[in-house]
Every structure is written in C-alpha cells, then in structure tokens.
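Survey of secondary and tertiary structure
The lines below spell out each chain.
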Amino acid sequence: MAEYVFGTICGAAATGAVGIIRVSGPEAFAAAFGLYRGRAERFENRRIYYGMIAEGDETLDEALFLPMRAPGTYTTEDVVEIQCHGGQATLARVMAALTRRGVRLAEPGEFTRRAYLGGRVDLARAEAVMDIVGAKTDASRRAAFGMLSGGLSEAVRRVSDGVLDTLAAISAAIDFPDEIGADDLSPRVAVLSSRLDELIASAENGSILRDGLSAAVIGRPNAGKSSIWNALLGADRAIVSPIPGTTRDALREWANIGGIPVLLTDTAGIRETDDEIEREGARRAERAADEARLVLAVIDASRETDPADPAFRSLSAGKNTVILLNKIDLPEKTVYNDIIKDWPGARVMRVSAATGEGMDELRRAVTDAAGLPSDAEPFSVSARQKNALVSARECLARAERTLAEGLSGEFAAIDLTECRERLGEITGETLAEDVIDRIFENFCLGK
Ligand SMILES: Nc1nc2c(ncn2[C@@H]2O[C@H](COP(=O)(O)OP(=O)(O)OP(=O)(O)O)[C@@H](O)[C@H]2O)c(=O)[nH]1
Ligand SMILES: [Mg+2]
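Rules used in this analysis
Residues numbered from 1 in each chain as written. Chains lettered and ligands numbered in written order. Predicted model: local features only at pLDDT ≥ 70, side-chain atom pairs only at ≥ 80, totals over all residues. Helix = DSSP H or I, 4+ residues; strand = E, 2+ residues; numbered from the N terminus. Buried ≥ 20, exposed ≤ 12 C-beta atoms within 10 Å, placed from the backbone. Contact = placed C-beta atoms within 7 Å. Axes fitted to C-alpha atoms, helices over the stretch in contact; angles between N-to-C directions. Parallel < 35°, antiparallel > 145°, perpendicular 65-115°, else oblique. Left-handed = near helix turned anticlockwise from the far one by under 90°. Core = buried A, V, L, I, M, F, W, Y, C linked by C-beta atoms within 7 Å. Domains from an automatic or database assignment. Nonpolar A, V, L, I, M, F, W, Y, C, P; charged D, E, K, R; others polar. Pairing = 2+ DSSP bridges. Near = placed C-beta within 6 Å.

**Details of the environment of valine 322**
Within the secondary structure layout, valine 322 lies in strand 12 (residues 321–326). What makes valine 322 buried here is the crowd of 23 C-beta atoms within 10 Å. Taking the C-alpha atoms as reference points, valine 322 and arginine 287, 35 residues apart in sequence, are found 17 Å from one another. Not counting the four nearest positions on each side in its chain, valine 322 is found in contact with Leu296, Arg347, Met349 and Ala365.

Dropping the structure here:
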C-alpha cells in the first residue's frame, strides 16, 4: 500500500498557483495513476504525463503526473508527483481521493526521513534540507547548501577516520611497545584536535547564519527608534510620528543585514509615566533589550544629554551595545566626545534616519557584532550537532592529557572511542532512534 502523500507547501496554509502532491511508497504508481484520466496506457519512468485527475465520474482538476521509480528518487521509493492547481480546495479534494485509495498523509519530515532510512542522505544532510527551506538570507542558504552537499559530514568523517587510525596505532603500541610509543601518538591526537577546533569555529559562524542574531532598538520616546528600525528593515513598517510614545508594543521582524539574518525588535520609548499602557510598553522594551544579543540604543542628538537615558543603562548593564546618536542632520546638542569621555570603549555612531547618513556604518557594526570571522567556511549546524562537536573535542583533550601523563594507551583508547561515538551522532550513525524521531518531528509538512 502506498504510504503517504502531501503537497510541497511548507506550513501548508499558503496558496500557490501550482500545488504538488507527492505520493511515495511501493504502491505509489497504482494509487496515483488510479486517478489519472488521459491517453497514456503505460507509465514510463521519469516521463511527464498530462491528463485529468478524476475520481469515479467526477473530474477534479487538470494535472501533470511525474512517475519516478525507486531507488533514484528523493525518498528512494517509488514516487509519483502530481502537479495540479494550487488552491486549498483542489489540493484537499485530490488528497481526499488519494486517501480513499489507501494513501495516508505524511508526517512532518517523513519524506526526508525515508531518504535517511533509505541511505540516500545521512542525518547532517537531512537536517540541512530543513535549513535550506528555512534560510533567510543568501549567506544562510549557502551555508545550508554546503551542509546538504556533505561539507560537514565529510569533514567529520575524516576526523573520525583519523581517530580510528589512532586507535589502531594504540593497539599496535600495546602489542609492540618497543617500536611505537606515546610520543608517536600525541602529535596525531593534536592534529585531530586542531581539525575539530576549525570545525567548531565554522559551526559558530554557521549558527549565526542559521539562527540569526537578535538585536533590539531601545531609547527615549521620540529618539527615532522606529525610523531606524524601518531603515534597517528597508520597509515602512512601524508608525513614525513626532508624538512621543507612538510605539507601544514591541515589533519584531527579520532583516537581512549584510547577509546575516537579524531578528530586529522595535520597542516603546522608555520614560517615567503614569500611563499604564506606556509603562507596559517600557517593560517589554527592557525585556527585549535583556533578551537581545545586541542593543541599538538610540539617543536624540538634537537634545541635551540626559544621564538617565536608557542607552546608558544598557551600557552599564554590560550589554553588547551600540549607541546611535540620531538626528545629526539637526544642530547637535548631545556631544559625542562627552559620551566617549564618560564611556571609554563604548561604540558610539552618529546617524540620521532622515538622511540615511551613517546607516551603512551602522549595518557594518551589526554584522561585526555577529562576530563572523571571514575565513572559516560557515557550516549551518544545529545546536545538537555543535554540542556533539564540542563533546568530541573534549574527548580528544582528555586523550591528549592521558598520553601526556604517560599512562597506558588503553586509557586514551577509551576517550578516543567515545570521540568517535560523539562524531557519529552528527551523521546519525551512533544516535538513538528516539532522538532521530525528534529531529524529524521538527520538519515541516511535505518535506
Ligand atoms: N530630523 C530628523 N528627524 C528624525 C530623524 N529620525 C526620526 N526623526 C523624527 O523624529 C520623530 C520621532 O521618530 P520615531 O521614529 O517615531 O521615534 P521613536 O523613537 O520610535 O518614538 P516612540 O515610538 O514614540 O518612542 C519623527 O517625527 C521622525 O520623523 C532624523 O534622523 N532626523
Ligand atoms: Mg517608535
């Protein structure tokens, strides 16, 4: 019996001009072509068949049918893709017809899970599929695609093979202690450690590209926070007005800043007030600043410096803060040098949301804050994968210490064996079934 079916639209709620229903499983051909009405009598592998979709006497839609035989398919099983009109009602009706032919709806990530179980992709590549779907900027997409092409899997496998060779050398050293000693083993482990260090650096780069950087814009009412937020977003999204207290709620949007996905929060101005709604807005603003990795603290430079400005509070709290002296197109009253004197080392920038002056420098400051060193090729790794890399690295550090202390190679072998296990978790080789289940549960429908 055919196993499952679903459209390609992630989140399933979108309506596209074309909808694709993918049927996969041993009975996929029988189930899908049971609905086909057209001239073809046989369905050859990888050809396109035009026809109607019909159930009984009722014609449901006009469609293309794409039969693909196992094993050269996404799931490694027989697959038929039906391309029909993308309206929700049409898709629902065709899927209902398929259900009556014994097909069931795929679970989230089930297609990719089949690809994994069929041996077509390892776990790191399967996870990369979701990262590609979710990539928010071109740089994120490139990092995810590098993962899909097996960048991390291969690098991890090379280290794991190196660890295996070292384990073999340890057995040899135990059997022939006169010929191979710990002196030969330590440099081997050191090389593997430095390779893992490089991978961890790439992973750190990649996790910013994958998960993004959070930045909150805070400041006094009317400082120009929403104007700056709109400018960074490249959209006229938040209301801007000369009336202080315009923004009440925290507004949150993804922005692409120099290729880095930045989750930008615009907040209500912070000031003493009796207005309960405004006070709640200020509380939310403070929370947003606490949660953000980067705070963009906006000061209206056309007004006198106010020592109680929330910008200074953020600095004194030790938050990663960039002070933005805004409105420099007006006569300046807040003096840049005074701030630098009071806060040596603080990053202060002069900008004008009105004229755009200083905005390119601001964008660069945001990408700098993401801390991407330009040389490490970023891999879009999940937190799970990064943890596995870090624990594998710790195992190597333990093995290095054991060897340095001149203990028997057998002790180092325990750590090296554990190192291989941690590395195997990245590709899924040494991961428990229930953990793998959980990973695929986070996929979207249709993938
Ligand atoms: N001249 C000048 N005016 C600016 C600049 N940036 C913002 N403004 C003006 O300042 C006023 C307040 O701007 P907003 O962006 O709404 O300020 P806000 O900090 O979000 O204010 P609240 O939401 O009330 O806290 C508006 O009238 C803007 O047009 C600037 O760089 N130069
Ligand atoms: Mg505002």
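Read on for the rest.
**Things to note about the packing of helix 6 (residues 151–175) against helix 14 (residues 409–427)**
Where helix 6 meets helix 14, the closest approach of the two axes is 9 Å, and the angle between their N-to-C directions is 160°. Considered as vectors, helix 6 and helix 14 are oriented roughly antiparallel to each other. Between helix 6 and helix 14 lies a crossing whose hand is left-handed. Between helix 6 and helix 14, the residues in contact are Leu152, Ser153, Val156, Val159, Ser160, Val163, Leu164, Thr166, Leu167, Ile170, Ala173 and Ile174 and Gly409, Glu410, Ala412, Ala413, Leu416, Thr417, Cys419, Arg420, Leu423, Gly424, Ile426 and Thr427, respectively.

**Details of unusual backbone geometry**
For the bond from alanine 70 to proline 71, the omega torsion is 5°, close enough to zero to count as cis. Note on placement: proline 71 falls in the loop between strand 5 (58–68) and strand 6 (79–85). One non-glycine residue, threonine 76, adopts positive backbone phi at about 75°. On the secondary structure map, threonine 76 appears in the loop between strand 5 and strand 6. We classify threonine 76 as partly exposed; it has 18 C-beta atoms within 10 Å. Even without a glycine there, the phi angle at lysine 327 is positive, about 70°. The buried category is assigned to lysine 327, around which 26 C-beta atoms lie within 10 Å.

**Some words on the nonpolar core**
Counting residues in hydrophobic clusters, the biggest one holds 93 residues, and the most contacted among them are Ala215, Ile228, Leu296, Ala297, Ile299 and Leu324. No other element matches helix 7 (residues 182–211), which puts eight residues into this core. Counting contributing residues, this core receives three or more from each of domain 2 (126–208 + 382–441) and domain 3 (212–370). Residue contacts for leucine 296: discarding those within four places in its chain leaves Ala215, Val217, Ile228, Val322 and Leu324. Among the nonpolar cores identified, the runner-up in size contains 21 residues, and Phe65, Val79, Ile82 and Leu98 belong to it.

**Focus on the packing of helix 4 (residues 123–134) against helix 5 (residues 138–148)**
Interaxial distance between helix 4 and helix 5 falls to 8 Å at its minimum, and their mutual angle equals 155°. Taken as axis vectors, helix 4 and helix 5 run roughly antiparallel relative to one another. The interaxial crossing formed by helix 4 with helix 5 has left-handed handedness. Here Ala124, Arg125, Ala128, Val129, Asp131 and Ile132 of helix 4 lie close against helix 5, whose contacting residues are Arg141, Ala144, Phe145, Met147 and Leu148. Partitioned by chemical class, the residues of the contact of helix 4 with helix 5 number eight nonpolar, no polar and three charged.

**Comments concerning the sheet that holds strand 11 (residues 294–300)**
Strand order across the open sheet formed by six strands is 9-10-8-11-12-13, with mixed pairing between neighbours. Edge strands, defined here as strands with exactly one partner in the open sheet, are strand 9 (251–257) and strand 13 (347–350). Between one strand axis and the next, the sheet turns by 25° as a mean value, whatever way the strands run. With five bridges joining them, strand 8 (residues 213–219) and strand 10 (residues 260–266) adopt parallel strand pairing. Among the inter-strand pairings, serine 214 is bridged to a residue of strand 10, identified as leucine 263. In the packing of helix 8 (residues 225–233) onto the sheet, contacts are made with strand 8, strand 9, strand 10, strand 11 and strand 12, and the angle to strand 10 comes to roughly 160°.

**Description of the site of ligand 1**
Looking at ligand 1, there are 24 residues lining it, with Gly224, Ser226, Thr247, Gly269 and Ala354 nearest. A total of three residues in the shell around ligand 1 trace back to one element, the largest contributor, which is helix 8. In terms of residue class, the shell around ligand 1 is made up of nine nonpolar, twelve polar and three charged.

Read these as spatial facts, not as claims about activity.
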